[in-house]
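These are the residues of each chain, in order.
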Amino acid sequence: QERRRERIRETDLEEFCFIVCTSDDSSLRCSTNLRLCTATNLYIDFTRFREMSQKEGKYKMFLEDIFNEGEIGGHCKFNSELHHQQGNNKSPLQSWYAELEQFAPLHFKPGSTADQEQHCDQVISKPTVFIKLDAGVNMYHHFCDFFNLYASQHANGSFDDDIHIVIWDTSYRLYGDLFPETWRAFSRHPLKRLSDFEGKRMCFRNALFPLLARMMRGLFYNTYLVPGCQGSGLMQAFTKHLLPRLDITQEQSSPEQVRVTLLSRSSKHRRIVNQDELVNAMKTVEYFSVKVVDYKYRVYPYLDQLQSTHNSDIFMGMHGAGLTHLLFLPDWAAVFEIYNTEDPRCYKDLARLRGVQYITWEKDDKKWEDAPGIHPTMGTHHAKFTNYTFDVEEFMRLVTGVAQQVLERKRAHLNPQLLGGEQQHSSTAHR
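Quick look at the structure, then.

Conventions adopted
- Residues numbered from 1 in each chain as written.
- Predicted model: local features only at pLDDT ≥ 70, side-chain atom pairs only at ≥ 80, totals over all residues.
- Heavy atoms only, no water.
- Helix = DSSP H or I, 4+ residues; strand = E, 2+ residues; numbered from the N terminus.
- Buried < 20%, exposed > 50% of the residue type's maximum accessible area, 1.4 Å probe, protein only.
- Contact = heavy atoms within 4.5 Å.
- Areas by Shrake-Rupley, 256 points an atom, 1.4 Å probe, with all protein chains shown as cover.
- Lys, Arg positive; Asp, Glu negative; His and termini not counted.
- Charge placed at Lys NZ, Arg CZ, Asp CG, Glu CD.
- Pairing = 2+ DSSP bridges.
- Right-handed = clockwise from strand over helix to strand, strands pointing away.
- Axes fitted to C-alpha atoms, helices over the stretch in contact; angles between N-to-C directions.
- Parallel < 35°, antiparallel > 145°, perpendicular 65-115°, else oblique.
- Nonpolar A, V, L, I, M, F, W, Y, C, P; charged D, E, K, R; others polar.
- Polar contact = N/O pair within 3.5 Å; in protein donor to acceptor, adjacent residues only side chain to side chain.
- Core = buried A, V, L, I, M, F, W, Y, C linked by side-chain atoms within 4.5 Å.
- Salt bridge = Lys/Arg side-chain N within 4 Å of Asp/Glu carboxyl O.
- 1 Å grid on protein atoms, 1.4 Å probe; cavity = no way out; pocket = protein on both sides within 12 Å on 5 of 7 lines; lining within 4 Å.
- Points joined across faces, edges and corners; volume = space filled by probe spheres on them.
- Expected span 1.5 Å × (residues − 1).

### Quick notes on the overall build of the chain
Check the secondary structure of the chain and you find 12 helices and 18 strands. Referenced to the eigenvectors of the C-alpha coordinate spread, the extents of the chain come out at roughly 75 × 55 × 35 Å. Residues classed as buried in the chain amount to 51% of the 431 residues present. Once local pairs closer than 6 in sequence are excluded, the contacts in the chain between residues at least 24 apart make up 73%. Total accessible area computed for the chain in this model is approximately 20100 Å², and 48% of it derives from carbon and sulfur atoms. Here the chain holds 51 positive side-chain charges and 55 negative ones, and the gap between their average locations is 1 Å.

### Section: the pairing of strand E16 (residues 357-360)
Note on strand geometry: in a regular strand, side chains alternate between the two faces of the sheet. Here E16 shows no split at all, with Gln357 and Ile359 on one side and Tyr358 and Thr360 on the other all buried. The sheet contact formed by strand E15 (residues 334-337) and E16 spans 4 bridges and is parallel. Within E16, the position partnered with Ala334 by the bridge is Gln357. Once you follow E15 into helix H10 (residues 346-354) and on to E16, the crossover reads as right-handed.

### Quick look at the packing of helix H7 (residues 233-245) against H10
The contact between H7 and H10 brings their axes to 7 Å, and the two run at 80°. Comparing their axes, H10 and H7 come out roughly perpendicular. Contacts between H7 and H10 involve Met235, Gln236, Thr239 and Lys240 on the former and, on the latter, Leu350, Leu353 and Arg354. The residue makeup of the contact of H7 with H10, split by class, is 3 nonpolar, 2 polar and 2 charged.

### Comments concerning the environment of Phe315
Tracing the backbone shows Phe315 in strand E14 (residues 314-317). Separated by 43 residues in the primary sequence, Phe315 and Tyr358 place their C-alpha atoms 9.8 Å from one another. The residues touching Phe315, leaving out its near neighbours within four places in the chain, are Thr261, Leu263, Tyr295, Thr309, Gly322, Leu323, His325, Leu329, Ala334, Val335 and Phe336.

### Description of the side chain of Asp313
Along the polypeptide, Asp313 turns up in the loop between helix H9 (302-310) and E14. The class of Asp313 is buried, set by a relative accessible area of 0%. Here Trp332 takes part through its side chain, which lies 2.8 Å from a polar atom of the side chain of Asp313. Apart from residues lying up to four places away in sequence, Asp313 is in contact with Gln257, Val258, Arg259, Trp332, Ala333, Ala334, Val406 and Lys410.

### Some details on the nonpolar core
One finds Leu42, Phe130, Phe143 and Phe238 to be the most contacted residues of the largest nonpolar core, which totals 90 residues. At 10 residues, the largest contribution of residues to this core is made by helix H6 (residues 139-156). Those residues in contact with Leu42 that sit more than four places away from it in its chain are Ile72, Gly73, Phe103, Pro110, Phe130, Met202, Cys203, Phe204, Ala207 and Phe209. If you look at the next biggest cluster of nonpolar residues, it comprises 32 residues, including Val260, Leu262, Met282 and Leu407.

### Here we look at the pattern of salt bridges
Inspection of every chain in the model, using the stated rule, returns 26 salt bridges. In this structure, Asp162 engages Lys126 in a salt bridge whose closest nitrogen and oxygen atoms are separated by 3.1 Å. In this pair, Asp162 sits in the loop between H6 and strand E9 (164-167) while Lys126 sits in the loop between strand E7 (122-124) and strand E8 (128-131), placing the two residues 36 residues apart along the sequence. Exposure remark for Lys126: the relative accessible area of 29% places this residue in the partly exposed category. Linking Asp313 and Lys410 is a salt bridge whose minimum nitrogen-to-oxygen distance equals 2.9 Å. Remark: Lys410 occurs in helix H11 (residues 392-414) and Asp313 occurs in the loop between H9 and E14; sequence separation between them is 97 residues. As far as the burial class goes, Asp313 and Lys410 line up, both buried. Linked through salt bridges whose partners overlap, the residues forming this network are Glu362, Lys363, Glu394 and Arg397.

### Comments concerning empty space enclosed by the protein
Taken as a whole and assessed by the stated rule, the structure comprises 1 cavity of 30 Å³ or more. The computed volume of the largest cavity comes to approximately 30 Å³. The class makeup of the residues in the lining of the largest cavity is 4 nonpolar, no polar and 3 charged.

### Description of the layout of surface pockets
A volume near 880 Å³ is recorded for the largest pocket. Along the walls of the largest pocket sit 39 residues, with Asn138, Gly320, Ala321, Gly322 and Tyr347 positioned nearest its centre. Examining the composition of the lining of the largest pocket, we find that 5 residues originate from one element, H10, more than from any other. Along the lines of polarity and charge, the residues of the lining of the largest pocket split into 18 nonpolar, 13 polar and 8 charged.

### Some words on H10
Most of H10 sits inside the fold, with 8 of its 9 residues counted as buried. Residues of H10 that are buried: Cys346, Tyr347, Asp349, Leu350, Ala351, Arg352, Leu353 and Arg354. Tucked inside the fold, the buried residues of H10 contact H6, H7, E15 and E16. The positive-phi residue at the C-terminal boundary of H10 is Gly355, with phi of around 90°.

### What to know about the sheet that holds strand E13 (residues 288-293)
In space, the 5 strands of this open sheet follow the order E13-E12-E14-E15-E16, with parallel pairing throughout. The strands lining the two open edges of the sheet, one partner per strand, are E13 and E16. Direction aside, the axes of adjacent strands within the sheet are offset by 20° on average. Taken strand by strand, helix H8 (residues 275-282) contacts strand E12 (258-263), E13 and E14, and its axis lies near 155° from that of E13.

### Comments concerning H7
Along its 13 residues, H7 runs 19 Å from first to last C-alpha, staying within 8% of the 18 Å computed at 1.5 Å per residue. Elements in contact with the buried residues of H7: H6, H9 and H10. The opening residue of H7, the one whose side-chain oxygen lies 3.3 Å from the backbone nitrogen of Leu234, is Ser232. Positioned one or two residues after H7, Asp247 has a phi angle of 60°, which is positive.

Read these as spatial facts, not as claims about activity.
What follows is the structure in structure tokens.
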């Protein structure tokens with residue numbers, strides 16, 4: 001694994017600013033188009049931050065012109081020609097080019113104690129991760145942030161949580177985050193914001209600019225999946241990294257019982273009109289344990305949501321960001337996107353990456369719109385903007401069918417002898 005990390009560092013990161021001669025010199029190493037960068041002895045001048053963040057009366061999260069040349073840089077030999085060729089993906093959530101565009105070689109050393117006294121108002125010695133965030137109120141998009149941060153830790157070769165995480169946000173607006181406890185998996189310290197450094201000249205010993213949520217062919221938003229690909233090792237490792245750090249545990253469960261969790265919606269659209277009828281039908285199945293949840297953050301605490309999901313064998317719900325919970329299902333589980341509302345790839349692909357079974361509604365003539373779905377701005381028909389009734393018999397056919405497959409996998413996982421037999425059989429088959 002360490003050799004693999006080293007190959008990643010050697011092949012993907014290029015030297016943009018070379019250490020000249022001593023350890024208190026600076027460095028800047030980046031991947032192509034500045035999608036990921038690491039820096040040592042980095043200098044950033046925030047003395048004009050408030051002025052620039054309020055430029056033209058706007059409060060934008062990702063202003064691209066807050067630095068002049070020399071206000072961000074280091075004492076190193078800078079390859080400016082290579083640097084200026086990296087702007088192909090210049091976009092707030094695709095690269096760090098805009099933020100590092102004005103990077104320049106400096107005449108002083110941000111890593112030198114003598115120069116720090118003259119040029120640095122504050123020195124951050126702990127490793128610092130700068131991160132630009134997607135929508136914190138949407139689990140699907142926000143977990144792209146967390147997943148890419150985890151992937152960046154692999155590339156950086158460190159999972160130490162004694163680090164500072166700084167939200168790169170050029171505004172003073174409050175960032176809405178419905179999943180703040182997740183940061184505990186990455187850092188033991190409170191989050192910081194750029195505005196915390198307002199008016200200061202800052203020097204950072206070690207800095208990481210990680211992979212971002214909406215990169216071209218990124219992870220897991222915009223991921224191109226090879227046909228037949230199932231079960232990303234990185235995605236599974238991400239899940240297993242987060243669960244213990246957030247104290248989420250698997251409770252004792254019978255291998256003959258299927259725990260079914262139906263994610264209900266209290267929103268205006270994509271509700272199940274005959275939900276009670278479907279739930280009552282599932283409760284007639286002797287080996288089903290059925291519960292209905294509504295993961296509203298004000299009512300159902302986030303970590304309790306994860307605990308509930310992780311102890312589900314079948315997790316089901318209508319198309320929506322809540323299905324991102326499938327990341328935390330046990331390995332034997334299945335997710336049932338009851339109806340994908342004509343967005344067929346989103347959660348199917350996410351389930352494939354995670355390596356859990358996915359099913360969705362199959363027969364269009366067995367579901368009915370409560371009213372024609374009309375897009376609120378375009379005025380055209382749109383499947384996401386209405387509610388649905390589902391045929392009970394067809395629903396039960398799908399649920400009981402996938403339940404049998406879940407039971408087989410669950411028995412294998414909970415019975416080590418059976419699991420060993422299956423592994424041996426699988427190994428023989430592959431040979």
